[in-house]
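Here are the chains, one letter per residue:
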Amino acid sequence: MVSKQWRLIRSGLGEPAWNMAVDEALAVLHSEEEGRTPVLRLYTWEPPALSLGYFQDMSEIDLAALIRLGIVPVKRITGGRAVLHYGDLTYSVVATAGKDTPEGVVASYRYLCQGLLQAFADLGIKAELGRAKPSAPAWSEACFATATTSDITWQGKKFVGSAQKRLGRTLLQHGSILVFPQGQLLTEVFACEGEAKCRALLESTTCLQSILAKTLTLGEVGEAVIRGFSRALGIQFEEDELNDKERNLAASLVPKYELLPILSEF
């Protein structure tokens, strides 16, 4: 396979709205410059956050629980349902559909997920893509309640959830890899859905620590993802950082994603 050059940005810890703003900034600037180099970015969240899909309503979330638990709500540029960012590693890819990835939405998901599947295979995990149709009725407001063909499962339990947004030919795909159990915290965040749904949510979800019966650091998981993309997709990564243009645009986009004013009025 011919090697392809991509930027690799290890962002580390980031505030929730900043994380989402950076993803959009990278996608916007990529869409404005023909031939711009694709990006794989890895990041985590501090403080813990709950990211809501673009069309999701805050009224569907237990605000009192978020306040009590110190979890910050943010919007995402992508669709889908709520994702709890606690004990997870998030990846994002910005690339040109039809050039860096297949053109179609489903085909591009499958293509990029090959990098993740290779990463997990290298860790000794026989993972596979989810099987639910993207249009399947939602029984929960939690993203990890349902595993579609854009998600990754182990023995039927979901541990990676991904979503995608297109800006012209530019593709932004980002996703959450559950590394550590969310357990009780997950049930408290979605307690408003009722005990039966919370129990079903826990039963439908797993994490790398539970699968492997050992603890990996977020850094180790990140390295596995980098190797997986490189091996499965023939990518050669060049370490990089956000440039001034990307940082400035991201800073201007932060207010778009902040939902704290809603909580302060609660």
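## Remarks on the pairing of strand β4 (residues 72-75)
Of the two faces of β4, both are covered, the one formed by Val-72 and Val-74 as well as the one formed by Pro-73 and Lys-75. Where strand β3 (residues 49-52) meets β4, four bridges bridge the pair, whose relative direction is parallel. Within the sheet, the bridge partner assigned to Leu-50 lies in β4 and is Pro-73.

## Some thoughts on the sheet that holds β3
The strand order across the open sheet built from three strands is β4-β3-β5, with neighbouring strands paired in mixed fashion. Looking at which strands have only one partner, the edges of the open sheet turn out to be β4 and β5 (83-85). Strand-to-strand twist of the sheet, defined as the mean angle between neighbouring strand axes without regard to direction, takes the value 25°. Its contacts with the sheet put helix α1 (residues 16-32) on β3 and β4, and the angle it makes with β4 is roughly 20°.

## So, the pattern of salt bridges
In the structure shown here, the tally under the stated rule is eleven salt bridges. Where Asp-240 meets Arg-7, a salt bridge forms, and the shortest distance between an N and an O atom there is 2.7 Å. Of this pair, Asp-240 sits in strand β11 (residues 235-240) while Arg-7 sits in strand β1 (residues 4-14), and the two are 233 residues apart along the sequence. Shared partners join several salt bridges into a network, and the residues in it are Arg-7, Glu-33, Arg-36, Asp-240 and Glu-246.

## Focus: the packing of helix α3 (residues 105-122) against helix α7 (residues 218-233)
One way to put it is that α3 packs onto α7 with a least axis distance of 7 Å and a crossing angle of 120°. In terms of orientation, α3 and α7 fall into the oblique class. Relative to α7, the crossing made by α3 is right-handed. Mapping the contact onto sequence places Tyr-111, Leu-112, Gln-114, Gly-115, Leu-116, Gln-118, Ala-119 and Asp-122 in α3 and Ala-224, Val-225, Gly-228, Phe-229, Arg-231, Ala-232 and Leu-233 in α7.

## Things to note about the sheet that holds strand β9 (residues 157-167)
The strand order across the open sheet built from eight strands is β7-β8-β9-β10-β6-β2-β1-β11, with neighbouring strands paired in mixed fashion. Across the chains shown, the open sheet's two edge strands, defined by having one partner strand only, are β7 (128-129) and β11. In this structure, β1 lies alongside β11, joined through six bridges in parallel fashion. By the bridge assignment, Gln-5 is partnered in β11 with Gln-236. Here α1 sits on the sheet and contacts β1, β2 (39-45), β6 (88-96), β9 and β10 (170-178); the angle it forms with β2, its principal contact strand, is near 170°. Most of the contacts of α3 go to β9, to which it runs at about 140°, and overall it touches β1, β6, β7, β8 (152-154), β9 and β10.

## Some details on the pairing of β10
Two faces make up the sheet, and in a regular strand the side chains alternate between them. Along β10, nine of the nine residues are buried, which leaves the element largely enclosed by surrounding structure. Of the two faces of β10, the one lined by Thr-170, Leu-172, His-174, Ser-176 and Leu-178 and the one lined by Leu-171, Gln-173, Gly-175 and Ile-177 are each fully buried. As defined by bridge partners, β6 adjoins β10 across nine bridges and the pair is classed as antiparallel. When the sheet's bridge partners are listed, Thr-90 is paired in β10 with Ser-176. Bridge count for β9 against β10 is eight bridges, and the pairing is antiparallel.

## Some remarks on unusual backbone geometry
Glu-46 connects to Pro-47 through a cis peptide bond whose omega is 0°. Within the secondary structure, Pro-47 sits in the loop between β2 and β3. At Ala-213, a residue that is not glycine, the phi angle is positive and equals roughly 55°. Tracing the sequence through the fold places Ala-213 in the loop between α6 (208-212) and α7.

Reading the values: the criteria
- Residues numbered from 1 in each chain as written.
- Predicted model: local features only at pLDDT ≥ 70, side-chain atom pairs only at ≥ 80, totals over all residues.
- Heavy atoms only, no water.
- Buried < 20%, exposed > 50% of the residue type's maximum accessible area, 1.4 Å probe, protein only.
- Helix = DSSP H or I, 4+ residues; strand = E, 2+ residues; numbered from the N terminus.
- Pairing = 2+ DSSP bridges.
- Axes fitted to C-alpha atoms, helices over the stretch in contact; angles between N-to-C directions.
- Contact = heavy atoms within 4.5 Å.
- Salt bridge = Lys/Arg side-chain N within 4 Å of Asp/Glu carboxyl O.
- Parallel < 35°, antiparallel > 145°, perpendicular 65-115°, else oblique.
- Left-handed = near helix turned anticlockwise from the far one by under 90°.

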